[in-house]
Amino acid sequence: MKLSTRQLVINALFAAVYIVITIFLPSYGSLQLRLSEMFAHLPLFNKKYAYGLLLGVAIANFQSGFGVYDVIFGTLHSAISLLIVFLLTKKIKSMSKKLVLNSMIFAAMSFIVAGMIAYLTQDWVAFWVIYASIAASIAIVMLATAPIILALDKHIHFRQLMMK
Amino acid sequence: MNNKLVIGQYLPLDSFIHRLDPRTKLLGAFAFVGIIFFADSWQSYALLSLFVLLGMMISSVPIRYFLRGIRPLLFLILFTTCLQLLFAPGQTILFKIGFIKVTEEGLIQAAFIFIRFLLIIFMSTLLTLTTMPLAIADGLESLMRPLAKIKVPVHEIALILSIALRFVPTLMEEADKIKDAQMARGATFGEGKLKDQMKAIVPLLIPLFINAIDRAEELATAMTARGYKDGQGRTKYREISYGRNDLYVLLAFIGLTGAVLWLS
């Protein structure tokens with residue numbers, strides 16, 4: 001996936017927006033809902049947003065307690081989820097269906113992050129509970145923000161923006 | 001301006017750890033997870049704790065900054081430790097209430113997991129407290145360079161990282177202004193149910209995105225006008241290089257690995 005200078009810079013600025021939203025709107029409630037997860041929907045409009053998303057996740061994860069480990073595994077989680085989403089949504093036309101599927105896959109694949117925590121602490125007893133809580137938080141945020149992304153798209157036209 | 005503006009937790013001090021090459025610190029943080037994996041005795045955990053404590057002391061960073069790193073994970077730490085305490089298999093029962101029994105093995109296992117959690121968080125916090133985000137980006141780019149052979153766009157990734165980090169403070173300021181402007185019109189942020197919070201962020205996001213896109217267009221035009229094509233043959237403004245101190249750290253890690261293996 002080759003990027004033009006313009007696409008590269010847009011990705012950089014979108015990564016910056018991801019980080020700003022992560023810092024600006026801190027995690028919500030006991031499930032630690034991170035509202036910036038909504039940006040994981042952007043690559044559905046154009047695959048080239050994947051760069052901005054992955055790097056935004058990477059930098060934002062430096063904030064977390066697990067720091068550098070979260071950077072690697074959090075980014076890996078998003079990358080693998082996106083690959084699966086791209087494969088599965090090839091033939092789906094409806095954007096709403098794509099958004100729902102995207103949310104489900106990101107939530108299901110969060111075993112990567114839960115696995116990282118279990119591996120780092122060598123505590124596999126808690127794995128399922130951690131997995132369930134991360135998956136629930138991702139699913140809630142991504143499903144709840146899907147209409148927001150659709151509303152934003154009406155103003156910003158994500159697909160066309162990345163085409164030029 | 002906003003005091004949350006600092007990305008990561010970098011604390012600008014001048015210490016041995018601050019001066020190390022970012023690659024050394026990144027590799028050290030990774031190696032540490034590998035080493036801690038071998039620890040299974042009190043002695044090995046004591047040695048690892050001493051090693052991390054020494055690193056924290058050399059960094060000259062006040063201890064409260066490290067403790068701050070634990071806060072968001074406190075619930076997770078306590079939860080997993082308790083789970084181990086109550087459900088880990090063991091023979092020597094210390095006490096029993098109903099179906100819950102606390103065994104000596106469970107107690108030891110819970111203590112080990114607790115220490116492991118703290119050490120990993122402290123080690124990772126040590127990296128982010130003593131290394132500027134841009135230096136981490138440079139370090140990661142350098143470590144990822146071999147991936148260019150399998151067509152990973154390492155240069156593009158590094159450039160996106162640098163531009164993103166450069167624009168975070170600018171957009172943060174912008175977000176602050178938009179928030180104030182919307183609040184002056186009666187909007188509320190960070191209050192109410194999740195649904196209300198979601199609705200409240202749309203008037204924040206649209207101007208923020210449009211601002212970011214405008215900046216991107218300007219920057220892309222400026223870069224094209226100055227002849228930017230791609231990463232081939234470009235030189236770097238910030239060079240990183242290994243020094244004698246990095247060698248000492250490497251030796252310390254080799255020594256630590258040997259000692260932990262011997263004690264376990």
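Let us now look at the interface of chain A and chain B. Taken residue by residue, the interface counts 56 residues in chain A and 69 residues in chain B. Between chain A and chain B, a total of about 5800 Å² is buried, with carbon and sulfur atoms accounting for 82% of that surface. When the area that chain A buries against chain B is broken down by residue, the three leading residues are A:Phe24, A:Phe62 and A:Tyr69, summing to 12%. Viewed at the interface, chain B and chain A are joined by two salt bridges. Here A:Arg6 and B:Glu217 are joined by a salt bridge, their closest N and O atoms 2.9 Å apart. Put simply, chain A and chain B have two residue pairs in polar contact (both at pLDDT 80 or more) between them. For the side of chain A that touches chain B, the secondary structure elements donating two or more residues are helix H1 (5-24), helix H2 (49-60), helix H3 (67-88), helix H5 (111-121), helix H6 (127-156) and helix H7 (158-161) of chain A. It is H1(A) that provides the largest number of residues to the side of chain A that touches chain B, a total of 17 residues.

This part covers the nonpolar core. One finds A:Phe39 and A:Phe66 to be the most contacted residues of the largest nonpolar core, which totals 132 residues. Per element, the largest residue contribution to this core is 15 residues, and it comes from H1(A). The residue makeup of this core includes at least three contributed by each of domain 1 (10-131 + 239-264) and domain 2 (134-233) of chain B. Residues within four places of A:Phe66 in sequence aside, it is in contact with A:Met116, A:Ile117, A:Leu120, B:Leu73, B:Leu76, B:Phe117, B:Ile120, B:Ile121 and B:Ser124. Of all hydrophobic cores here, the second largest spans seven residues; its members include A:Ile105, A:Met109, A:Ile112 and A:Ala146.

On to the confidence of the model for chain A. Overall, the predicted model of chain A reaches an average pLDDT of 88, with 95% of residues at or above 70. Helix H4 (residues 95-108) of chain A holds the highest mean pLDDT among the elements of chain A, 95, whereas H5(A) holds the lowest, 87.

In this section: a nonpolar patch on the surface. Judged by side-chain polarity, A:Ile72, A:Phe73, A:Leu76, A:Ile80 and B:Phe30 come together as a nonpolar surface patch covering roughly 350 Å² of accessible area. Per-element tally for the nonpolar patch: the top contributor is H3(A), with four residues. You can see A:Ile80 is positioned in helix H3.

When we look at a pair of aromatic rings, we describe it by the centre distance and by the angle of the planes. All told, the structure shown has 20 aromatic pairs over all chains when counted by the stated rule. Plain terms: the ring middles of A:Tyr18 and A:Phe39 are 5.6 Å apart, the flat faces sit at 65 degrees to each other, and that makes the pair edge-to-face. Within this pair, whereas A:Tyr18 is found in helix H1, its partner A:Phe39 is found in the loop between H1 and H2, the two being separated by 21 residues in sequence. With a relative accessible area of 2%, A:Tyr18 lands in the buried category. Judged by relative accessible area, which is 2%, A:Phe39 ranks as buried. Centroid distance B:Phe75 to B:Phe79: 6.0 Å. Interplanar angle 20 degrees. Geometry classified as stacked. Here B:Phe75 and its partner B:Phe79 are both found in helix H5 (residues 74-87), four residues apart, which amounts to about one turn of the helix.

Parameters at a glance
Residues numbered from 1 in each chain as written. Chains lettered and ligands numbered in written order. Predicted model: local features only at pLDDT ≥ 70, side-chain atom pairs only at ≥ 80, totals over all residues. Heavy atoms only, no water. Contact = heavy atoms within 4.5 Å. Buried area = accessible area lost by both parts, 1.4 Å probe. Salt bridge = Lys/Arg side-chain N within 4 Å of Asp/Glu carboxyl O. Polar contact = N/O pair within 3.5 Å; in protein donor to acceptor, adjacent residues only side chain to side chain. Helix = DSSP H or I, 4+ residues; strand = E, 2+ residues; numbered from the N terminus. Core = buried A, V, L, I, M, F, W, Y, C linked by side-chain atoms within 4.5 Å. Buried < 20%, exposed > 50% of the residue type's maximum accessible area, 1.4 Å probe, protein only. Domains from an automatic or database assignment. pLDDT = per-residue confidence, 0-100. Patch = residues over 30% accessible without salt bridge, like charges linked within 9 Å, V, L, I, M, F, W, Y side chains within 5 Å. Areas by Shrake-Rupley, 256 points an atom, 1.4 Å probe, with all protein chains shown as cover. Phe/Tyr/Trp six-rings, centres within 6.5 Å; stacked < 30°, edge-to-face > 60°.

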